[in-house]
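So the chains spell out like this:
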Amino acid sequence: MTAYFSDKTFRFLRALARNNEREWFHAHKADYESHLRDPFQRLLTDLQPDLASVSLHYRADPKTVGGSLFRIHRDTRFSRNKAPYKSWQGARLFHERFREAPAPSWYIHLQPGNCFVAAGIWRPESPALRQLRQFIVDNPASWEAAAHAPAFRRRYRLGEEDMLVRPPRGFPADFPFIEDLRRRNFIALRDIPDSVVTGTRLRQVLARDLQATAPFMDYLCAALDLEF
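Parameters at a glance
Residues numbered from 1 in each chain as written. Predicted model: local features only at pLDDT ≥ 70, side-chain atom pairs only at ≥ 80, totals over all residues. Heavy atoms only, no water. Pairing = 2+ DSSP bridges. Helix = DSSP H or I, 4+ residues; strand = E, 2+ residues; numbered from the N terminus. Contact = heavy atoms within 4.5 Å. Axes fitted to C-alpha atoms, helices over the stretch in contact; angles between N-to-C directions. Parallel < 35°, antiparallel > 145°, perpendicular 65-115°, else oblique. Left-handed = near helix turned anticlockwise from the far one by under 90°. Phe/Tyr/Trp six-rings, centres within 6.5 Å; stacked < 30°, edge-to-face > 60°. Buried < 20%, exposed > 50% of the residue type's maximum accessible area, 1.4 Å probe, protein only. Polar contact = N/O pair within 3.5 Å; in protein donor to acceptor, adjacent residues only side chain to side chain. Expected span 1.5 Å × (residues − 1). Bend = angle between axes of the 7 residues up to and from the residue. Core = buried A, V, L, I, M, F, W, Y, C linked by side-chain atoms within 4.5 Å. Salt bridge = Lys/Arg side-chain N within 4 Å of Asp/Glu carboxyl O.

A. Quick look at the sheet that holds strand β1 (residues 58-59). Ordered by their spatial adjacency, six strands build an open sheet running β1-β2-β3-β4-β6-β5, and the pairing between neighbours is antiparallel. The strands lining the two open edges of the sheet, one partner per strand, are β1 and β5 (157-158). Note that strand β4 (residues 115-121) and strand β6 (residues 186-192) share seven bridges and pair antiparallel. The residue of β6 that forms the bridge with Val117 is Arg190. Relative to strand β2 (residues 89-95), helix α3 (residues 29-52) is tilted by about 25°, and along the sheet it contacts β1, β2 and β3 (105-110).

B. View of the packing of helix α1 (residues 7-18) against α3. Two elements in contact, α1 and α3, have axes whose closest approach is 9 Å; the angle formed by their N-to-C orientations is 130°. Between α1 and α3, the angle is such that the two are oblique. The two elements α1 and α3 meet at a crossing, and its hand is left-handed. Residues Lys8, Thr9, Phe12 and Leu13 of α1 form the contact with α3, whose participating residues are Asp31, Tyr32, His35 and Leu36.

C. Region of the structure containing the packing of aromatic side chains. Scanning the entire structure with this criterion turns up 19 aromatic pairs. For the ring pair Phe25 and Tyr85, a centre distance of 4.2 Å and an interplane angle of 20° mean the geometry is stacked. Taken as a pair, Phe25 in helix α2 (residues 22-27) and Tyr85 in the loop between β1 and β2 lie far apart in primary sequence, 60 residues in all. Residue Phe25 is classed as buried on the basis of its relative accessible area of 3%. With a relative accessible area of 2%, Tyr85 lands in the buried category. Ring centres of Tyr58 and Trp106 lie 5.0 Å apart, and the angle between their planes is 70°; on these two criteria the pair is classed as edge-to-face. Linking Tyr58 in strand β1 with Trp106 in strand β3, this pair joins segments that are 48 residues apart in sequence.

D. Molecular detail of the side chain of Arg182. Within the fold, Arg182 resides in the loop between β5 and β6. In terms of polar contacts, Arg182 uses its side chain to reach the side chain of Glu179, at 2.6 Å. With near-sequence residues (within four places) excluded, Arg182 lies in contact with Arg133, Met163, Leu164, Val165, Arg166, Pro167 and Pro168.

E. Representation of helix α8 (residues 202-223). A rise of 1.5 Å per residue sets the reference length of α8, with its 22 residues, at 32 Å; its end C-alpha atoms lie 31 Å apart and thus fit the reference within 8%. A maximum bend of about 50° is found in α8 at Ala214, where proline Pro215 lies one to four positions downstream. Just past α8, the residue Asp225 takes up positive phi, approximately 60°.

F. Structural context of the nonpolar core. Core analysis: the biggest nonpolar cluster contains 65 residues, and Phe5, Phe40, Trp106 and Trp143 have the highest contact counts within it. With 10 residues, α8 is the single largest residue contributor to this core. Apart from the residues within four sequence positions on either side, Phe40 is in contact with Phe5, Leu69, Gln89, Gly90, Ala91, Ile108 and Leu110.

G. The arrangement of the pattern of salt bridges in detail. By the definition in use, this model includes 13 salt bridges. A salt bridge links Asp50 to Arg203, with the nearest nitrogen and oxygen atoms 2.7 Å apart. A residue pair is termed long-range when its members are at least 10 positions apart, and Asp50 in helix α3 and Arg203 in helix α8 qualify at 153 residues. Assessed through its relative accessible area of 15%, Asp50 is described here as buried. Among the salt bridges present, the one from Lys63 reaches Asp61, with a minimum N-O distance of 2.6 Å. The exposure class assigned to Lys63 is partly exposed, which follows from its relative accessible area of 44%. Taken together, the shared-partner salt bridges in this structure form one network comprising Glu33, Arg37 and Asp38.

H. Structural view of the pairing of β2. Burial analysis of β2 places six of its seven residues in the buried class, the great majority of the element. For β2 and β3, the ladder comprises five bridges, and the chain directions are antiparallel. Within β3, the position partnered with Ala91 by the bridge is Ile108.

Structural measurements only, silent on function.
Right, dumping it as structure tokens:
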């Protein structure tokens, strides 16, 4: 078993949060590459067989550009916050068709004291959101099994960011999962302690999460007419 990250990973991210400027980052770029980017790429490579055992339509791509790893650089064009770098590192395991259609993904987030793994779809456009809601109304028993099974909910919470104040119009008020229709994001997530991230069982832990969230992801793919 392999440890991918170390205390130096979190030390770098904490330092970046305090010194979020280009000069500092370029002076410490070697630390970024050796303690964060490169080990994350190795983790993505090692997760490939674990992901394939869940779905052959998803990818864990370790490429530096255009792969699973998100850029550490922030897009500041439309933000008041002009800090050039994120103080975290994230990666998504993406559907092979994600460039042509809205698709759920798995997401791994590394940030000191705020590491987590998530599965689902974040802020889909209105047509996809309507499609998801209608699919839940048409298939409530499968939704209950995928998103509300007791064992699943003991381990994962459903994200509640950006929920509508009231359920959307046009759906029956007595629908058993009417509150779920208020969601704009369909995400299941679980926090991961920093000690697990720096430990030797991280891959095994994430592989278990892929397996455990597969029915949830399968349901969302079915709702969006995607293979799983």
